[in-house]
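# Residue-level structural notes
Each chain, letter by letter, is given below.
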Amino acid sequence: QSTAIIIGAGIAGIASAIRLAVQGFAVKVFEKNSYAGGKINSFEKEGYCFDGGPSLFTQPQLIEELFALAGEPIQHYFNYKPVPIACTYFYEDGVVIKGYTNADKLAEELYNKVGEDKTAVKRYLQRSKQLYETTGSIFLNYSLHKMSTLWKAPVAKALMNTKPVHLFASLNAFNQYSFKQAHTIQLFNRYATYNGSNPYQAPGMLSVIPHLEYNEGVFYPKGGMISIANALYRLAVKKGVQFYFNMPVEQIIHKANKVTGVMANNEKYLADIVVSNMDVYFTYKRLLRNEQKAAHILRQERSSSAFIFYWGINKTFPQLGLHNIFFSKNYKEEFDHIFKLKQLYNDPTVYINITSKCEPDLQAPPDKENWFVMVNAPANVGQYESAMQQQLKKHILSKLSSLLQTAIEPLIEVEATLNPVMIEEHTASYMGALYGTSSNSRMAAFLRHPNFSNQLKGLYFVGGSVHPGGGIPLCLRSAKIMSEMVKNDKRGWKYAH
Ligand code: FAD
């Protein structure tokens, strides 16, 4: 039996383990932390449950696919339900927009609240769908670094659907061209942040993202986001995958140009293939000690990071939903601070996720709410000092208190925090980037590291820092692309042992 070693039990590492186990590999996963899930983690404090990292769940079919592949009934492991409103948007001028997960209802809402042209909204979402089904399907399901991809039949269709404006205009320019109202433009500009990018730099191609929410839907996993990681971990164990926790890999070892295994705990573990779910920059720098390749990775800008306050709130707010956004007044200036000045902005867009809206008695004590309060922040370049956190908290509280017309600070009875420096430490994510690299250039998709090594046979890469990018759905796709590659490559190799 061939052996696969996976470095890291992030969502992409676990999905890779399941896929390779199904292919017949004996799979070992080495994880430096004491749990599976990486950025997906959770904690409980005084009766409040908090998801530590991701909060938005789209494309559950990618989880369903793993259970189908493994031949296990998903309902024994994982349950989820659709939510009717993707996000409730609060603007500084008092406008509130409900982002219904239905194109007609969203168009109606934007028309009623800010006078947006209904046809423009429906046309935008229709084009978003087309783009997703053509260009998106190539980008998300195949390696962009293999000649074989170019010969795939859908490539021509994808090229036909990709207009110059998708590539050469920024998302903001594309949205300005598509809509009349500033509120609508800001709402659709926000989708650049779904992969940690700047809507004033990232290409119009990112207009593909709203398709996921408004045409496909937003979902809530029972038990919160942590149940995604837990369900896949249990599935992997069921398929025979062995997990080694508190076991950081120290080195990837190789003979000539072929990977032979890893060093962990000063011991050698042999394998036919090694899959790194660790941030690709640190994989080259620490595990392969290849400074030159590590430096090469940094040619591409890192995605944004985040500051998070986990607050137990001693009150319920009926005007809030599962996902809520309180927009900054000057979005352009906010992104200039994040990406150009690399500083926190004093009127940040504030995101609040409240899972007790979906499971009131389980996620927070009765008549209370568990608030996950996040602002986008620049990647860590050594600029963060402890005083900044207090300053930021003041800005957030003043904004929320004013827009919700309630003093928020006295309601906070539990608090925990996460900042870019902690994100970097917890999951070895260079600069605390949430999504690996940003998409702030036209060539971003092609610059992202491929899912294989072109120097070492048998070495593969998955996760948010490599193709196709960050966020749970894309990480799951990286595992699929990698496993298809392994299947193909396996035909051509003679195993060393
Ligand atoms: P990670 O989760 O980073 O896991 C990598 C694993 O490798 C970690 O467990 C780490 O400990 C381990 N590791 C590192 N080095 C070693 C080593 N040497 N040896 C052994 N193990 C090692 N995505 C969404 O889809 N929706 C959201 O709403 C969303 N919001 C987010 C909010 C926050 C605050 C954060 C932090 C992220 C968010 N994301 C969101 C992004 C999403 O969480 C990530 O893209 C995804 O979880 C990354 O998974 P991954 O498999 O690439 O790696």
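Throughout this document, residue positions are counted from 1 along each chain, in the order its sequence is written. Owing to the predicted nature of the model, reporting of local features is limited to residues with pLDDT of at least 70; listing and counting of side-chain atom pairs is limited to 80 or more, with chain, interface and lining totals taken over all residues. Each side-chain value is derived from all of the structure's non-hydrogen atoms; neither hydrogens nor water enter the calculation.

## Points about the overall build of the protein chain
Starting at the N terminus, helices and strands are each numbered in turn, a helix being any DSSP run of H or I of at least four residues and a strand any DSSP run of E of at least two. Helix and strand counts for the protein chain come out as 19 helices and 19 strands. Radius of gyration means the value over C-alpha atoms here, while the globule rule gives 2.2 Å times the residue count to the 0.38 power. Computed over C-alpha atoms, the radius of gyration of the protein chain comes to 22 Å, within 12% of the 23 Å expected from 2.2 N^0.38 for 497 residues, which places it in the range of a compact globule. Once the C-alpha set of the protein chain is aligned to its principal axes, its extents read approximately 65 × 55 × 45 Å. Burial status follows relative accessibility: with a 1.4 Å probe on protein chains alone, a residue under 20% of its type maximum counts as buried, one over 50% as exposed, and anything between as partly exposed. By residue count, 61% of the 497 residues in the protein chain fall in the buried class.

## What to know about the packing of helix α1 (residues 11-23) against helix α11 (residues 226-238)
Interaxial angle, 0 to 180 degrees, is taken between N-to-C directions of lines fitted to C-alpha atoms, where a helix line uses only the stretch in contact. It is the contact of α1 with α11, at a shortest axis distance of 9 Å, that shows an interaxial angle of 30 degrees. With respect to their mutual orientation, α1 and α11 come out roughly parallel. Between α1 and α11 lies a crossing of left-handed hand. Here I11, I14 and I18 of α1 lie close against α11, whose contacting residues are I228, A229, L232, Y233, L235 and A236. Note on terminology: angles under 35 degrees are roughly parallel, angles over 145 are roughly antiparallel, angles of 65 to 115 are roughly perpendicular, and the others are oblique. Here a crossing is taken to be left-handed if its near helix is turned anticlockwise relative to the far helix by less than a right angle, and right-handed if that turn runs clockwise. Should any heavy atoms of two residues lie within 4.5 Å, those residues are counted as being in contact.

## Here we look at the pattern of salt bridges
The rule for a salt bridge is simple: a side-chain nitrogen of Lys or Arg has to be within 4 Å of a carboxyl oxygen of Asp or Glu. The tally for this structure, following the rule as stated, stands at 19 salt bridges. E92 serves as the salt-bridge partner of K399, at 2.6 Å between the closest nitrogen and oxygen. With K399 in helix α16 (residues 386-404) and E92 in the loop between β6 (85-90) and β7 (96-100), this residue pair connects regions lying 307 residues apart in the sequence. Judged by relative accessible area, which is 33%, E92 ranks as partly exposed.

## Observations regarding the domain arrangement of the protein chain
Segmentation of the protein chain into domains returns domain 1 (1-40 + 225-299 + 441-497) and domain 2 (304-378 + 385-418). Relative placement of domain 1 and domain 2: their C-alpha centres are 34 Å apart. Note that the domain bounds were set by an automatic or database domain assignment.

## What to know about the pairing of β7
By this definition, two strands are paired if DSSP reports at least two bridges between them. Looking at chain direction, β6 and β7 are connected through five bridges and run antiparallel. Counted as the bridge partner of C87 is G99 from β7.

## A short note on the site of the ligand
Any residue with at least one heavy atom within 4 Å of a molecule or strand is counted as near it. In the vicinity of the ligand lie 34 residues, with E31, K39, G464, G471 and I472 positioned nearest. Within the side chain of N277, one N or O atom sits 2.9 Å away from an oxygen atom of the ligand. In the complex, 95% of the free accessible area of the ligand, which totals 1,000 Å², lies under the protein chains. Residue assignment for the shell around the ligand shows that the elements contributing at least two residues are α1, α17 (420-427) and α19 (472-492). Amino acids outside the nonpolar list (Ala, Val, Leu, Ile, Met, Phe, Trp, Tyr, Cys, Pro) and the charged list (Asp, Glu, Lys, Arg) are all regarded as polar, and Gly is one of them. Taken together, the residues that form the shell around the ligand break down as 17 nonpolar, 14 polar and three charged. Side-chain atoms alone can form a polar contact between residues adjacent in sequence; in general such a contact is a pair of N or O atoms within 3.5 Å, and within protein one must be able to donate a hydrogen while the other accepts it. Every accessible area reported is derived by Shrake-Rupley at a probe size of 1.4 Å, with residue values counting cover from the shown protein chains alone.

## Some thoughts on the packing of aromatic side chains
Between rings of Phe, Tyr and Trp, where Trp is taken as its six-membered ring, a pair exists when centres lie within 6.5 Å; planes separated by under 30 degrees are stacked, by over 60 edge-to-face, and by other angles tilted. Taken as a whole and judged by the stated rule, the model has 40 aromatic pairs. Note on F57 and Y80: the rings are 6.0 Å apart at their centroids and 90 degrees apart in plane angle, and the pair reads as edge-to-face. A residue pair is termed long-range when its members are at least 10 positions apart, and F57 in the loop between β4 (48-51) and α2 (61-70) and Y80 in strand β5 (residues 80-83) qualify at 23 residues. Residue Y80 is classed as partly exposed on the basis of its relative accessible area, which comes to 27%. Here the aromatic cluster, defined as three or more aromatic residues joined through ring pairs, consists of Y124, F174, Y177, F179, F188, Y191, Y194 and Y214.

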